Amino acid sequence: MARLKTAVLISGRGSNLQALIDAAAHPDYPAEVSLVISSQGDAGGLQRARAAGIRTEVINHRAFNAKQGFEASIDATLRGAKVDLVCLAGFMRILTPWFVERWRDRLINIHPSLLPAFKGLDTHARVLAAGARFTGCTVHFVRPEMDEGPIVVQAAVPVMPTDSPDSLAARVLAAEHRCYPLAVRVIAEGRVRVRNELVEIAGAVSPADVMMFNPVG
Ligand code: GRF
């Protein structure tokens, strides 16, 4: 069976990219990472992609006068590679509605909180400041509003009384590395449909199909 062709867009270390690369290394995984695009030439994730023999492209917004050109270049690269699904994984540029609509329901993101709570940056410090007992991560389809869109998979992660933003980030990141491959898997299996801005997963009967609870340890 042909595997779903995914592209992963990064700006940094690329640990979620690595989780997807590792998942795709299994022959029965229904998706492959066929392209990695980085907005930063020195992103650590580029090394991970090269080590796995994956095509890489650096597309830096500074090389363009306007956001339009930057996004058009990304779009053309994705289309040229015949990509089916685009995964944002620590991609630090906000995409315009033009790009988001062009890839509607074929563009997903991972965010380190239980959306719709704690959108935006510095999530872990804000979770701690709010005294929340649980946080987590979310893989969702991208919509023009930041960190909004139909939810595919979530994991809940406990907040410990002794946590710092860094220790909490590390616990959530371990959950991210399980959630992202699961979300791509169910999409690649053709089981995911967006209806009325909610995700339906065909054949999802067990909670493990759509969520994870305290998955660490
Ligand atoms: C992750 O925490 C992800 O949720 C957020 O950015 C971080 C990227 O980390 N969007 P990495 O580059 O995948 O290691």
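Keep in mind that what you see is a predicted model, and the values were worked out from it rather than measured. (Residues numbered from 1 in each chain as written. Predicted model: local features only at pLDDT ≥ 70, side-chain atom pairs only at ≥ 80, totals over all residues. Heavy atoms only, no water.)

**Here's the deal with the pattern of salt bridges**
Where charged atoms from two side chains of opposite charge approach closely, those side chains can pair. Following the criterion strictly, the structure yields 13 salt bridges and no others. A salt bridge links R104 to E101; the shortest N-O distance between them is 3.1 Å. For D163, the salt bridge is made with R171, and the minimal N-O distance between the two is 2.7 Å. For the pair shown, D163 and R171 are each scored as buried. Linked by salt bridges that have partners in common, E101, R104, D105, R143 and E197 make up one network. (Salt bridge = Lys/Arg side-chain N within 4 Å of Asp/Glu carboxyl O. Buried < 20%, exposed > 50% of the residue type's maximum accessible area, 1.4 Å probe, protein only.)

**Re the pairing of strand β5 (residues 107-111)**
Among the five residues of β5, five are classified as buried, and the element is accordingly described as predominantly covered. Residues L107, N109 and H111 line one face of β5 and the alternating positions I108 and I110 line the opposite face, and both faces are buried. Here strand β4 (residues 85-88) pairs with β5 via three bridges, running parallel. In the strand pairing of β5, V86 is matched with L107. (Helix = DSSP H or I, 4+ residues; strand = E, 2+ residues; numbered from the N terminus. Pairing = 2+ DSSP bridges.)

**Quick word on the site of the ligand**
If you check the shell around the ligand, you find R13, G14, S15, N16, G90, I110, H111, P112 and E176 and nothing else. Between the ligand and the protein, one listed contact pairs an oxygen atom with a side-chain N or O atom of R13 at 2.5 Å. One of the side-chain nitrogen or oxygen atoms of E176 is found 2.7 Å away from an oxygen atom of the ligand. Considered on its own, the ligand offers 370 Å² of accessible surface; in the complex 84% of this is hidden by protein. Its residues assigned to classes, the shell around the ligand shows two nonpolar, five polar and two charged. (Near = heavy atom within 4 Å. Polar contact = N/O pair within 3.5 Å; in protein donor to acceptor, adjacent residues only side chain to side chain. Areas by Shrake-Rupley, 256 points an atom, 1.4 Å probe, with all protein chains shown as cover. Nonpolar A, V, L, I, M, F, W, Y, C, P; charged D, E, K, R; others polar.)

**Things to note about unusual backbone geometry**
Negative phi characterises most residues that are not glycine, and trans characterises most peptide bonds. P116 follows L115 through a cis peptide bond whose omega is 10°. Within the secondary structure, P116 is located in the loop between β5 and α5 (123-130). With a phi angle near 55°, K82 is a residue other than glycine that sits in the positive phi range. Counting through the fold element by element, K82 comes out in the loop between α3 (67-80) and β4. We classify K82 as exposed; its relative accessible area is 62%.

**Description of the environment of L88**
Inspection of the secondary structure assignment puts L88 in strand β4. The spatial distance from the C-alpha of L88 to the C-alpha of E145 is 15 Å, given a sequence separation of 57 residues. When neighbours within four sequence positions are excluded, L88 is seen to be in contact with L9, L95, L107, I108, N109, I110, V142 and Y180. (Contact = heavy atoms within 4.5 Å.)

**Observations regarding α5**
Within α5 the residues assigned to the buried category are T123, H124 and V127. For α5, the angular spread of buried residues about the axis comes to 95°, placing them on one side. Of the surrounding elements, those touching the buried residues of α5 are β5, β6 (134-141) and α6 (165-188). G131 sits one or two residues past α5 and shows a positive phi near 70°. (Arc of directions from axis to C-beta.)

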